[in-house]
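The primary structure of each chain is shown beneath.
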Amino acid sequence: WLASNISEEDGIQSLKTQALLQLQGGTSIVYFWLRSFGFNSDQAQSIYNSVQRGESGKIVESTDFQVNLDRESILLAPIQKQFMPIELTEQDIQFNLPEGQFEVFKLNAPTALDQRKEHAMLDLERLKFPLLIRSWEQGDRFTPLGMKNSKKISDFLIDLKVPLLKKQSVKVLLSDQEIVWVIGFRIADWVKITAATRKILYLKKTDLC
């Protein structure tokens, strides 16, 4: 039953609470799932009780993992280690993040646009190197692609209903202290490709086609 009902994306396992509530012995199911990740039976009971009450936002931790009760799911992920910022120079051809490896290409415009959120195509001539990759911080703002006004990243992630466990690992790419990409979500409007663009910086996650 667990194999059929647990999904995984970006290292986060997810179990729909509605499916769990349809079973007898829900606490035992939760414990059977989480025990190998260091959670005990009391924690399993607490998690299941919160599911029954329809609570969301609760965090429960073992030594190395954490469970988050999201709106409709129980989420399980490793406890995030502190991410040390990375500088990206004009000569770099790749960089590595906990989420995967990215290749760096410089292309001449015009070219076909890759609009997938996992990748970024930026107007190279609007960027100032070195670029910086760091974890997002409270108070960070950017103007998402297609918008005219800036938005707090915290509000942007809320609007997308990004689970708390995933929010903790979100990173941003900056040029001269200005955010150009919320990595894996959306680029900033001011670095988009336009008819005037001559050179493109293409950041491509290598485990995607």
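What this report covers is the structure whose coordinates are included nearby. (Residues numbered from 1 in each chain as written. Predicted model: local features only at pLDDT ≥ 70, side-chain atom pairs only at ≥ 80, totals over all residues. Heavy atoms only, no water.)

## A closer look at the nonpolar core
Line of reasoning, step 1. Of all hydrophobic cores here, the largest spans 33 residues; its most connected members are Leu122, Leu173, Trp181, Val182 and Leu203.
Line of reasoning, step 2. Counting residues per element, the ones that place at least two in this core are β7 (94-97), β8 (100-108), β9 (120-123), β10 (131-135), α5 (153-159), β13 (171-175), β14 (178-182) and β16 (199-205).
Line of reasoning, step 3. Considering each element in turn, this core owes the most residues, 4 residues, to β14.
Line of reasoning, step 4. For leucine 203, the residues in contact, after removing those within four places along its chain, are Phe95, Glu103, Val104, His119, Ala120, Leu122, Leu173 and Trp181. (Core = buried A, V, L, I, M, F, W, Y, C linked by side-chain atoms within 4.5 Å. Buried < 20%, exposed > 50% of the residue type's maximum accessible area, 1.4 Å probe, protein only. Helix = DSSP H or I, 4+ residues; strand = E, 2+ residues; numbered from the N terminus. Contact = heavy atoms within 4.5 Å.)

## Looking at the packing of aromatic side chains
Line of reasoning, step 1. Taken as a whole, this structure holds 5 aromatic pairs when the rule is applied.
Line of reasoning, step 2. A cation over a ring is seen here: lysine 171 above phenylalanine 83, with NZ or CZ 4.9 Å from the ring centre. (Phe/Tyr/Trp six-rings, centres within 6.5 Å; stacked < 30°, edge-to-face > 60°. Lys NZ or Arg CZ within 6 Å of the ring centre and 35° of its normal.)

## Focus: the sheet that holds strand β3 (residues 59-61)
Line of reasoning, step 1. The strand order β1-β2-β5-β4-β3 describes an open sheet built from 5 strands, whose pairing is antiparallel. Every interior strand has two partners, whereas the edge strands, β1 (6-9) and β3, have only one. Pairs of neighbouring strands in the sheet enclose a mean axial angle of 20 degrees, with direction left out of account.
Line of reasoning, step 2. Bridge analysis of β3 against strand β4 (residues 65-69) gives 3 bridges, and the strand direction is antiparallel. (Pairing = 2+ DSSP bridges. Axes fitted to C-alpha atoms, helices over the stretch in contact; angles between N-to-C directions.)

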